[in-house]
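Descriptive structure summary
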Amino acid sequence: MLLVVGLSIICSSSGRAEGQSHARGWEYVNRGQYREAIRAFTAVLQADPDHQQAQQGLLRAYMETGQYEKAEKAVTQFLARHPDRAALRNRRGELYLITGRYEDALAEFQRAAKEGSGVDALRATLNAGLALTTLGRMEEAQAQFRKLVAWYNSRRVIRADELTLIAQALAHVERYHEANELYLDAIEADPTYIDAYLLAGELYIEKYNYAEAASFFRDALKINPHSARAHLGLARSHRIDGDAMVWQALERALTINPHLVEAYNLKAALYLEADQFRKALDALERALSVNPRSLEALALRAVADYLRNRPDALQRDIETVLSINPRYGQVYHTLAEFAVIHRRYHRAVEFARRAIELSPRLWKAYATLGINLLRIGEEGEGRRVLERAFQGDPFNLWTKNTLDLLDRMRQYRETISQHFLIKMTPEESDVLGPYLAPLLEEAYQTLTTRYRFTPRSPIICEVFPHHADFAVRTVGLPGLGALGVCFGPVIAMDSPAARPAGHFNWGSTAWHEFAHVITLQMTDYKIPRWFSEGLSVYEERRARPGWGDDWTIDYVKAFVDGRFVPIAELDGAFLRPSSPEALALAYFQASLICAFIDERFGFPTILKLLEAYKQDATTEEALARVLGMSAEEFDRAFRTYVDEITAGYRRALDFDVLGPSHQTVTEGALRRMLMTNPESFFAHWRLGLIYRRRGDIARAIEHLQRAIALFPYYTGEDNPYLALAELYEQRGDRQRAIAVLQRLADIDETDFQVHNRLAELLIEEGDVERAAAMLQRCVFIDPFDAEWHLRAGRFYLEHGRAAAAEREFRVLLALKPVDRAEPYYYLARALLAQGRRAEAKQAVLRSLEIAPGFEKAQNLLLELIGR
């Protein structure tokens, strides 16, 4: 008896120890302490090889850390002892699914569903549906998902794991609201059940709610800080923002699970967006080494071949994908998405059509097709396709916002010129149209001649008075920071009303976008982003003095700090900028490269480069073919060019004293700076301001002139130009004041007050031609100043420019000023000056209707009727 009791005590103690070890192992798994979990489960299984919870825990820990070979070996051993355990068959099927053995996975799931019960059977049924979906057997897959829904409808379900499985099935039968509700129910039932958070987050990503998705993944990480799927989900949630969080989360996911296929696919996609093909292919190689039949990875490989102009390889990639899943329209939709990123909108339309042919319920493909039909000017079909997309997926805000915008645009008025169809709101059409249409026609004549290319016309130009509408038209979601976008045959841009007065020059924006029309169409949309943007900014500078970006203190510092990007990586600076400042720098650097090529090799070389891109050359190939230089040689030559330009600026700019904290530096400190560096821009500038305040005009002028000579591009607050011009005006030296303001206007395209004051001084000095030119430049900064239009119209009228005067008075009337009698009177005078007596009479009568006692109008009417 003592022996038996002793053995019982030993067995009981052993059982409690195993139970404690396996429970501890699951605690480790749930907290992401996978190494400790593996040790704990291994210890349990050494004592009891048949322990089911320890088997499942060990497999989970292996799979969470990407140890798929160890997991498969273990599950095979477990099944050899217990072939009837459905939970183990599910695990092996999931391993097969992860590693691309889809048919084997399906067989495991089907057997598990047949032999299992409870949650094991539910999981097997769901997994069978997933495997069938992967293989393109959609009707069979839907039957599996409907089984789960029917099971749910027949009973009360309260367990978190069961609710989560049913939610997945509901999502696959497009019952998204119900799926979301069940995920929330599962979380309420068990706030520690991480799968509910992960799958809810993935559902929200699928339905474009990235902020809410991120919150689910953050909650998941509170449960398990080492969940690779949660980190991957966080990366996917932030992808649309393009911030550093994406890469940080991705690297964290791959540190935890170095074989996470979806993470490598996301890395590859990000690299492809930036044309970093070698890195993208390396990431895809890692993904395909784990799962050689990953449909997503194979689709991204097709993208790499498409973007590298390898049609035969592209066709092989597509055939490989469709041999696995003949209904995988996503391969074409992925190609469409990257065609859009690279501004190949016509190809995006072709790819999206193919995607829909293969997958008629791939609603995002309808959205992509509709949006891009609009971008190439096919508004009727685009609207119809978007309406179909919204019927299928009402969660897509891009689709909804675009349809709402199209409804609003029904009210837009069309202005037709020789080569353009301009669409604006009725309120703005009469204000902007008289300036925009001639400007675009001027750009057309200038750039078609210069580039020896005639684009297809009419070119549509849409102007939006609200930036949110512009953002919807161009991206689909509010938040875009650009001022204009060109789709090839269609230009979309902000109206000057969409931004605060003086925020941007809408004339230079229109010129910039039309330059894109030329370079996109003449290269069959194959021009890289850096070259297209660089040429557009370069052409802005050539169009008008002051237009286009120029040197700033920040740009000089960026060059000094080594933040200029090698030409082979410059596209990535546009497509995945690290910050708004980095994007602005990319625009400037690209324009500087175009200036360098033009100055060093001549403009015909730019035309040859454009032709090389049309013939499918990469940037490296184009440089070698046209310039005879490698990318590295070009970078060195460009750096030498910039080094020469900035040599004086770098000596003049004391970057460590240019911040706000140094704006009150003392005169003594400034003089000591000059002793150390006689060419200090900052010291001369601030001394000039100090002497101006003291009334020491001579010394103020001396230092301000020197500051401008040392660095002529500072146009910010208290800039030396304004101070110097003010001093000259105080001395009565208008000519010097005009010269200084002219220099400032020629580097600052957005300062209305400077341009307007310069025009006033030129008028006072009788310099009619220069005054008229400056007035023209004013209107592209702020066209909504009614008083300005009145003054400009009177100037034109007084100097025999009746047609220009008529334009200003008509624009003034379109602005609906409080006093309309005076504009009608002046309009009548402008019409009379052109010999249009009948129209002049109508205008003066309108003036008198408003103000019957207006004496000037009365006298003009008498003149018109011959009394």
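Everything quoted here is computed from the prediction, not taken from an experiment.

Evaluation of the coordinates by the stated rule reveals 63 salt bridges. Asp317 serves as the salt-bridge partner of Arg301, at 3.2 Å between the closest nitrogen and oxygen. Here Arg301, found in helix H17 (residues 295-307), pairs with Asp317, found in helix H18 (residues 311-324); they are 16 residues apart in sequence, far enough to count as distant. Here Asp317 falls in the buried class, since its relative accessible area comes to 5%. One salt-bridge network, in which partners are shared between bridges, spans Glu729, Arg734, Arg757, Glu760, Glu764 and Glu765.

Right, let's talk about the packing of helix H27 (residues 529-543) against helix H31 (residues 603-614) for a bit. Geometry of a packed helix pair, given as the angle between the helix axes and the separation of the axes. Contact pair H27 / H31: the axes reach a minimum separation of 12 Å and the direction vectors enclose 150°. One finds that H27 runs roughly antiparallel with respect to H31. By crossing handedness, the relation of H27 to H31 is classed as left-handed. Counted together, Trp530, Phe531, Leu535 and Glu539 of H27 and Phe603, Ile606, Leu609, Leu610 and Tyr613 of H31 form the full contact between these two elements.

Another point: the layout of surface pockets. Taken as a whole, the second largest pocket holds about 640 Å³ of empty space. As for the second largest pocket, its lining consists of 32 residues, and the residues nearest its centre are Asp275, Phe277, Thr618, Thr619 and Glu620. At the level of elements, helix H16 (277-290), H27, helix H29 (570-575) and helix H32 (619-627) are the ones that each hand at least two residues to the lining of the second largest pocket. Of the residues contributing to the lining of the second largest pocket, the split by class is 13 nonpolar, five polar and 14 charged.

Now for the sheet that holds strand E5 (residues 490-494). Taken in spatial order, the five strands line up as E1-E2-E3-E5-E4 in an open sheet, and their pairing is mixed. The open sheet is flanked by strand E1 (413-416) and strand E4 (484-486), the only strands paired with a single partner. Along the sheet, successive strands turn relative to each other by an average axial angle of 15°, direction set aside. Examined bridge by bridge, E1 and strand E2 (residues 420-424) share four bridges and lie antiparallel to one another. In the strand pairing of E2, Arg413 is matched with Met424. Across the sheet, helix H25 (residues 467-474) touches strand E3 (459-464), E4 and E5, and the angle it forms with E5 is around 150°.

Put simply, helix H44 (residues 837-850) and helix H45 (residues 855-864) touch, their axes get as near as 9 Å, and they point 150° apart. By the angle class used here, H44 and H45 are roughly antiparallel. With respect to the hand of their crossing, H44 and H45 are arranged in left-handed fashion. Judged by residue contacts, Arg837, Ala840, Lys841, Val844, Leu845, Ser847 and Leu848 of H44 engage Ala857, Gln858, Leu860, Leu861, Glu863 and Leu864 from H45. Partitioned by chemical class, the residues of the contact of H44 with H45 number eight nonpolar, two polar and three charged.

Here H25 lies mainly inside the structure; seven of its eight residues are buried. For H25, the set of buried residues is His467, Asp469, Phe470, Ala471, Val472, Arg473 and Thr474. On its buried face, H25 is in contact with helix H21 (363-375), helix H23 (397-409), E3, E4 and E5.

Grouped together as the largest cluster of nonpolar side chains are 312 residues, with contacts concentrated most on Phe514, Phe531, Trp551, Phe564, Phe634 and Phe681. In contact with Phe531, not counting residues within four places along its chain, are Cys594, Ile606, Leu609, Leu610 and Tyr613.

Definitions and limits used
Residues numbered from 1 in each chain as written. Predicted model: local features only at pLDDT ≥ 70, side-chain atom pairs only at ≥ 80, totals over all residues. Heavy atoms only, no water. Salt bridge = Lys/Arg side-chain N within 4 Å of Asp/Glu carboxyl O. Helix = DSSP H or I, 4+ residues; strand = E, 2+ residues; numbered from the N terminus. Buried < 20%, exposed > 50% of the residue type's maximum accessible area, 1.4 Å probe, protein only. Axes fitted to C-alpha atoms, helices over the stretch in contact; angles between N-to-C directions. Parallel < 35°, antiparallel > 145°, perpendicular 65-115°, else oblique. Left-handed = near helix turned anticlockwise from the far one by under 90°. Contact = heavy atoms within 4.5 Å. 1 Å grid on protein atoms, 1.4 Å probe; cavity = no way out; pocket = protein on both sides within 12 Å on 5 of 7 lines; lining within 4 Å. Points joined across faces, edges and corners; volume = space filled by probe spheres on them. Nonpolar A, V, L, I, M, F, W, Y, C, P; charged D, E, K, R; others polar. Pairing = 2+ DSSP bridges. Core = buried A, V, L, I, M, F, W, Y, C linked by side-chain atoms within 4.5 Å.

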